[in-house]
Every structure is written in C-alpha cells, then in structure tokens.
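Residues per chain are reported as follows:
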Amino acid sequence: MHARLLDFADEADRAAWNALDAFSPLSTPFSSLGYLDACMAHTSGTRVGVVVEERGQPVAATTLFVRRVGGLPVALLPPLTFYAPILLAALPNEATTHGRTTPLDALLEAVEARVRVALWPLPPALMDTRTLRWRGWSVSPLYTYRLALDEMPDDRRSWSAGARRLWTSSRDRFTVEQAPEAIPALATMLRARYAEQGKRLAPNDASLTAFVSRLANDGKAQVWVARNRAGAVEGGLVLLTHGTTAHYWLASSLPGPAMTVLVGEALARLRDEGFATFDFGGANTPSIAEFKRKFGPTLVPYARAVWTRPRALRLHPALRS
C-alpha cells in the first residue's frame with residue numbers, strides 16, 4: 001500500500017474518489033464530491049486530498065481542510081460538517097487491525113505527516129477506533145439519534161406522548177412544504193438563533209444561502225418549511241440526502257410548535273418517498289437532544305478523534321482553542 005495526494009482538478013482522481021465513495025461503508029453526505037466542492041466554494045481553508053492505493057486500486061481516502069493556526073497546519077472540518085470525509089473500501093477486520101496493517105493505518109500515517117493537529121468526528125459506521133488510539137489519537141464519544149423510517153408506525157405511537165399531542169393539536173395551523181426559495185429566510189432565522197445562544201454562525205448569510213442553494217440545485221439537499229396561515233415561515237429545516245438516508249442538517253424556528261409539526265410531517269413524507277433512515281445530526285446538547293428523542297429514534301454512538309503532533313499544543317497555545 002502507498003499513499004499519494006489527490007488532485008481534485010484531475011478527472012481521473014475525481015473519478016477515483018467517486019468510485020470509492022459509491023461503495024464505502026463510511027460514505028456520508030459529507031464525503032460526496034458535490035458537498036466537498038461546495039465547501040471549497042463557500043468556506044475558507046485549503047483542500048488536501050489523500051488516497052491510499054493497493055495494487056493500483058484506491059482502498060482508503062480522506063479530504064483535509066487545512067488552515068494555518070499559530071503558523072502551523074491544522075486540519076479542521078468546514079463549518080456545519082458533522083462527519084469527517086473518510087472513506088475505506090471495507091471496514092478493517094480484527095486480524096489486520098491487531099497487526100496494524102490496515103489501509104486506515106496507512107491513511108492516518110499520511111495525515112499525520114501533513115498536519116500538526118487534526119480534528120475528526122468519525123462516521124458512525126467506524127465503530128472500532130482502536131487503530132486511531134494505538135497511533136496516539138485521542139478518541140472521545142459523541143452521539144446522534146437515528147430513526148428507521150421503514151419501521152415508523154403510521155399512528156406515531158413511537159413518539160413521546162407530548163410530541164403526539166402537540167403535533168395533533170397544531171398540525172392544522174401550518175402548511176409543510178419543500179421551498180428552496182425560503183433559504184435566505186432560513187439563514188436569517190438560523191443566525192438569530194445562534195446569536196440568542198451567544199454563538200457565531202459561519203459562514204455569513206450570503207455565503208450560507210449560496211452554499212445551501214448549490215446543494216439544493218444539485219439534488220443533495222431538501223429545504224422544508226412550515227408556514228402559518230398567513231403564509232409566513234415559522235420553521236425551516238434543511239436535509240442532506242445520501243442514498244436512502246436523510247440527514248437533519250440545518251434547522252431553526254420561532255418559539256412554538258412549528259418545528260414539531262415540520263419534523264413530523266417531513267418524516268412521514270420521507271418514508272413514503274422510500275427513505276429508510278433519518279439521522280438527526282447529533283444528540284450532544286441536552287435541550288436539542290431531548291427534542292429529537294421525542295420522535296422515537298435510537299441513540300447511536302460515534303467518536304471524535306483528535307491527533308496532535310508531539311509538543312504542538314504546548315509550543316503553540318493558539319492551537320488549544
């Protein structure tokens with residue numbers, strides 16, 4: 001096995017990435033070239049692609065978004081990216097994991113040679129994190145909620161009693177529809193919500209609108225809204241779709257029942273469209289996790305992995321933030 005850099009301007013390298021992404025068990029919306037291209041167009045950072053080949057075939061790949069922090073190269077995910085774009089042709093078996101001869105080992109070695117710090121929320125399918133820990137990466141647990149749409153009952157009995165009551169009493173107050181033209185309004189609502197929590201949303205409204213619009217135009221995102229009887233948007237939800245999975249990506253609403261009605265209606269329609277799984281996009285903030293729990297999903301663990309070249313943090317305090 002050997003690692004080399006990918007050239008995303010080269011059609012052969014783009015085809016190699018697409019081929020690996022098409023069947024990798026770690027494939028997510030955040031590993032698609034369409035998403036990665038959109039990130040480069042609307043966020044900052046230098047994109048560095050790495051591929052590991054065996055007998056001329058790609059068996060592992062990743063994309064790093066590298067920034068200079070304290071003068072040193074640091075690999076951080078673009079804003080709003082839930083899972084690192086890591087691809088493996090197959091999950092490592094236990095024997096090669098124990099022998100430390102997996103394509104993942106080779107990929108990590110290449111990453112470690114190019115950056116001083118890397119922060120990777122791993123795709124949930126990569127459950128065995130021993131390869132990273134044995135290489136000196138720090139690994140900590142995170143969680144998301146996932147719902148099997150094809151098993152969701154029509155009567156919503158899997159929801160909490162409170163969510164069912166709120167949906168039943170409020171659904172006639174709203175019209176739920178897909179509305180890509182509402183992206184600017186949703187960006188404004190989302191920024192206001194972040195500000196209320198003392199947080200800063202990146203990118204800015206114009207870049208976020210262009211980013212989401214590009215994904216929607218490419219068929220990789222769906223924009224859902226809940227309008228009140230006057231036609232005003234009270235809730236918005238952007239989903240990223242990938243195969244038969246829909247991912248809860250961006251969401252904001254005014255106080256009230258709009259988001260419960262919006263999510264409830266979207267889940268039913270996605271199921272009817274043939275989607276099998278709904279990923280709620282994280283369950284790591286108590287109030288947000290509680291809202292998501294009420295729809296009856298299953299808690300699924302994933303991991304955040306951090307690698308720091310020895311002494312980098314101690315020598316450069318800027319990296320600690």
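As shown above, the structure is provided for reference.
Let us look at the structure shown here.

So, how was this worked out
Residues numbered from 1 in each chain as written. Predicted model: local features only at pLDDT ≥ 70, side-chain atom pairs only at ≥ 80, totals over all residues. Heavy atoms only, no water. Buried < 20%, exposed > 50% of the residue type's maximum accessible area, 1.4 Å probe, protein only. Helix = DSSP H or I, 4+ residues; strand = E, 2+ residues; numbered from the N terminus. Pairing = 2+ DSSP bridges. Lys, Arg positive; Asp, Glu negative; His and termini not counted. Salt bridge = Lys/Arg side-chain N within 4 Å of Asp/Glu carboxyl O. Polar contact = N/O pair within 3.5 Å; in protein donor to acceptor, adjacent residues only side chain to side chain. Contact = heavy atoms within 4.5 Å. Expected span 1.5 Å × (residues − 1). Arc of directions from axis to C-beta.

## Description of the pairing of strand β4 (residues 72-75)
Of the two faces of β4, both are covered, the one formed by Leu72 and Val74 as well as the one formed by Pro73 and Ala75. Sheet topology note: the strand β3 (residues 57-69)/β4 ladder contains four bridges and is antiparallel. Bridged to Arg67 within β4 is Val74. Direction of pairing for β4 relative to strand β6 (residues 117-121): parallel, over a ladder of two bridges. Among the inter-strand pairings, Val74 is bridged to a residue of β6, identified as Val117.

## Points about the side chain of Glu234
When you line up the elements, Glu234 lands in strand β10 (residues 233-242). Buried charge without a salt bridge: Glu234, with Arg173 as the nearest opposite-charge side chain at an N-O distance of 5.1 Å. A polar atom in the side chain of Glu234 sits 3.0 Å from the side chain of Asn228. Ignoring anything within four residues of it in the chain, the contact list for Glu234 reads Phe174, Met189, Ala226, Asn228, Ser253, Leu254 and Ala258.

## Structural notes on helix α1 (residues 11-23)
With 13 residues, α1 should cover 18 Å at 1.5 Å per step; its first-to-last C-alpha distance of 19 Å lies within 8% of that length. Residues of α1 that are buried: Asp13, Arg14, Trp17, Leu20 and Asp21. For α1, the angular spread of the buried residues around the axis is 130 degrees, confining them to a single face. Turned more than 90 degrees from where α1 packs its buried face, Glu11, Ala12 and Ala22 sit exposed. Buried positions along α1 lie against β1 (2-6), α2 (33-42), β3, β5 (86-88) and β10. In this structure Asp10 caps α1, since a side-chain oxygen of it lies 3.1 Å from the backbone nitrogen of Ala12.

As far as function goes, none of this settles anything; it's purely spatial.
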